[in-house]
Structure formats: C-alpha cells, structure tokens
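# Observations on chain architecture
Listed below are the residues making up each chain.
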Amino acid sequence: MSKVEEFEELRPLLFSIAYRILGSVGEAEDAVQETWLRFDGSSTRPASAKAFLSAAVTRISIDVLRSARVRREEYVGPWFPEPLLSDPYQDPARAVELADSVSMAALLLLERLSPLERAVFVLREVFAFEFGEVAAAVGRSEAACRQLLVRARRHMEAGRPRFEADRQERHELATRFFDALNSGDVDGLRDLLAADVQLVGDGGGKAPQLAKAVMGAQNVARVLGTVFPLMSRIDVTFEPHEVNGQPGAVFRDRDGKVLHTLALDVLDGQIQTIRTVINPDKLGHLGPVADAWAVDREVKQARRQVN
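Here the structure is a predicted model, which is why all the values come from computation and not from measurement. (Residues numbered from 1 in each chain as written. Predicted model: local features only at pLDDT ≥ 70, side-chain atom pairs only at ≥ 80, totals over all residues. Heavy atoms only, no water.)

## Things to note about the overall build of the protein chain
Scanning the protein chain from N- to C-terminus turns up twelve helices and six strands. Radius of gyration (C-alpha) of the protein chain: 21 Å, near the 19 Å computed for a compact globule of 307 residues. For the protein chain, the spread of C-alpha atoms along the three principal axes comes to 70 × 35 × 35 Å. Taken across its 307 residues, the protein chain has 50% of its residues classed as buried. Split by element, the accessible area of the protein chain, about 14200 Å² in all, is 48% carbon and sulfur. Side chains of the protein chain carry 39 positive and 45 negative charges; the gap between the two charge centres is 5 Å. (Helix = DSSP H or I, 4+ residues; strand = E, 2+ residues; numbered from the N terminus. Rg over C-alpha atoms; globule rule 2.2 N^0.38 Å. Buried < 20%, exposed > 50% of the residue type's maximum accessible area, 1.4 Å probe, protein only. Areas by Shrake-Rupley, 256 points an atom, 1.4 Å probe, with all protein chains shown as cover. Lys, Arg positive; Asp, Glu negative; His and termini not counted. Charge placed at Lys NZ, Arg CZ, Asp CG, Glu CD.)

## Digging into the packing of aromatic side chains
One pass over the full model with this rule turns up nine aromatic pairs. Considering the side-chain rings of phenylalanine 15 and tyrosine 19, the 6.0 Å spacing of their centres and the 15° angle between planes classify their relative orientation as stacked. Placement of the pair is phenylalanine 15 and tyrosine 19 together in helix α1 (residues 3-22), with a separation of four residues, close to one helical turn. Tyrosine 19 matches phenylalanine 15 in its accessibility class, with the two residues each being buried. Seen in terms of ring centroids, phenylalanine 178 and phenylalanine 238 are 5.3 Å apart; in terms of plane orientation they differ by 35°. Their pairing is tilted. With a gap of 60 residues between them, phenylalanine 178 in helix α9 (residues 167-183) and phenylalanine 238 in strand β3 (residues 237-240) connect regions that are remote in the sequence. The exposure class of phenylalanine 178 is buried, given its relative accessible area of 4%. Judged by its relative accessible area of 22%, phenylalanine 238 is partly exposed. By the ring-pair criterion, three or more aromatic residues cluster together here, those being Phe177, Phe178, Phe228, Phe238 and Phe251. (Phe/Tyr/Trp six-rings, centres within 6.5 Å; stacked < 30°, edge-to-face > 60°.)

## Quick look at the pattern of salt bridges
Counting across every chain of the model gives 19 salt bridges. For arginine 151, the salt bridge identified is with glutamate 117, shortest N-O distance 3.1 Å. A residue pair is termed long-range when its members are at least 10 positions apart, and arginine 151 in helix α8 (residues 142-159) and glutamate 117 in helix α6 (residues 115-126) qualify at 34 residues. A salt bridge links aspartate 235 to arginine 254; the shortest N-O distance between them is 3.7 Å. With aspartate 235 in the loop between α11 (217-233) and β3 and arginine 254 in the loop between β4 (248-252) and β5 (258-267), the pair connects residues that are 19 residues apart, well separated along the chain. One network of salt bridges, in which partners are shared, links Glu27, Arg71, Arg72, Glu111 and Arg118. (Salt bridge = Lys/Arg side-chain N within 4 Å of Asp/Glu carboxyl O.)

## Considerations on unusual backbone geometry
The phi torsion at aspartate 235 lies on the positive side, around 70°, for a residue other than glycine. Here the phi dihedral of asparagine 244 falls at roughly 55°; this positive angle occurs in a residue that is not glycine. Relative to the helices and strands, asparagine 244 resides in the loop between β3 and β4. On the basis of relative accessibility, which here comes to 0%, the residue asparagine 244 falls in the buried class.

## A word on the packing of α1 against α6
Running from N to C, α1 and α6 point in directions that differ by 135°, and their axes come no closer than 9 Å. By the angle between their directions, the pair α1 and α6 is classed as oblique. Judged by the sense of rotation from one axis to the other, the crossing of α1 with α6 is right-handed. Packed against α1, whose contacting residues are Ile17, Arg20, Ile21 and Leu22, the element α6 presents Arg118, Ala119, Val122, Leu123 and Val126 at the interface. Among the residues forming the contact of α1 with α6, the class breakdown is seven nonpolar, no polar and two charged. (Axes fitted to C-alpha atoms, helices over the stretch in contact; angles between N-to-C directions. Parallel < 35°, antiparallel > 145°, perpendicular 65-115°, else oblique. Left-handed = near helix turned anticlockwise from the far one by under 90°. Contact = heavy atoms within 4.5 Å. Nonpolar A, V, L, I, M, F, W, Y, C, P; charged D, E, K, R; others polar.)

## Looking at the pairing of strand β6 (residues 270-277)
Counting buried positions along β6 yields six of eight residues, so the element is predominantly enclosed. As paired elements, strand β1 (residues 193-202) and β6 share six bridges and run parallel to each other. The partner of glycine 201 across the bridge, within β6, is threonine 276. Of the pairings in the sheet, the one linking β5 to β6 comprises seven bridges and is antiparallel in character. Residue pairing in the sheet places valine 266 in a bridge with isoleucine 271 of β6. The turn joining β5 and β6, which pair antiparallel and follow one another in sequence, is formed by two residues; a positive phi near 55° is taken by aspartate 268. (Pairing = 2+ DSSP bridges.)

Quick look at the structure:
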C-alpha cells in the first residue's frame, strides 16, 4: 500500500479525532492536511501508519486548540462548535459512543478541559486507544495520561449529557417538532418541550439572533411559533438532518443558501435544548451561505404586513 493509500484509508479517523479536539470543521481539515504533509515528508516509513498519523494529528490539534482558546474567550455571545452533518469515521462497535461524543452538548463539555485532558479523553474514551498509544500521541507518560483521564472524566461526568436511548423515538419526536414548527403550532411545540427548555443561538456578532437565550417551554414555543411561519412566508425552507449526531435541520433561504442549522437535545421524551448556529463563518463547509441580515429584514417586513 502506498503512502497516499494508507493516509486516505485513515483520513476519516484523523478528521474525527481532530474535530472532537477542536470543535471546528475547518481547523480539523487543516490539521489533517498538515498531518499528511508531515507523513509525506518523513524519510522513513513508520511501523504503524495509524499510530504515527493519530499522534501527529493529535499534537497538531492540541497546538491549534491552545491558540484558539484566546479567540473563544473573546467571542461575541455563546460559542458553539461548527455543525457537523456527517461524521466520516464509522465503527459499528462504538456507534453510540461516537454519536454522543460529537454532540453539541458533549463538545461544549469538552471545552471545560485543558487541551491535554481533552486529547487524552478523546483518544481513550471515544476511540478506545491503548494507554501506550495515547501516551505516545500526547508526549506524556502512561501514568500521566491516566491522571489526565481521571481529571477529564471527573469534569465530564459532572455535566455529561444524556440522550434518548431509542434513536427511533428521538427522531419521531423531532419529526413532530418540525411539523409543529412549520405550521406555527405554538401549543403543539410547547407539548414537546421540557419545562426548563433553552433556546440558544451562536451568531458570533456576525448575524441576527432569534434571541440571545430564551428559557421555558411557553417562551420558547411562542418565539419559534411566531418567527418560523414568517420565515416560511419569505420562502425559507428547512431539511431535517442529523446535526452532530442529534436530530436537527438545515435552514436555507429562497436561493438554497445555508441560513443556519438547528440541533435538538432530547431526553425523557422531551426536547431539553435547542441550539442554532447562524454565524456565517461556521457554515461555509455546508455550502454557499445566505445573507442572514437580509433575511432578517424580510422577516421584519413580513411581520409588519401580518400585523
């Protein structure tokens, strides 16, 4: 097998590792590309391409994350990971762990960890690397990695997201949610929402928000049931789609350009959290991006016409 073939076979795994460490599709893709350059430029062939490449992409991602943290501290409004519609790495034996680990809720929890803790947690807990492989990847002893993992688990367990175990039930609830959303059925929406549901958006100061944060079933249902029928009047459409392994949708303007994504956290038969990403900087990997400000102006005009 040539170097190119070895690398391409492992590319899905490398991207999935980098994305979980970084929470950014673009930065993860850049980390994978840098990993290829190091692999291609190596004068010797490693005994294990998987070990070499996983270690390289992990170390690159740690370095990128350290510099990204400063930018995230200065971010305008809530910071969410870039939405991921499809995880390229699949392992049937770890399907549940992989899906849950890429959720918005899990990635936000990972933000609480130091870069080293985050890398160790991702390699060991999500991808089941042996401690020797983890140690080689992060440049620490096995004993140190075990301690890093203990601390990471403690942070993650304190707020670990739980999701509806039955994926079919979860997606049936999501279907009912989007039907009610499309028709502006406020009562129908409210019935699907947990009492303390939160609606939170990431615009990064570069796009209008539905609201900075809305809490409570009645308030969230009223906001959603008011805004989305108006968006439908100006030909905004949505297509249900998994977003970060959870039920969600991609919204598009009349020209088919991506306006925002929406993801649902479902537990105990109710929607606990609704997260939207409308920052255009985080949507470019999904296709051409809509002018959210122009859509917002049209929505306001449609509201005046209705009133």
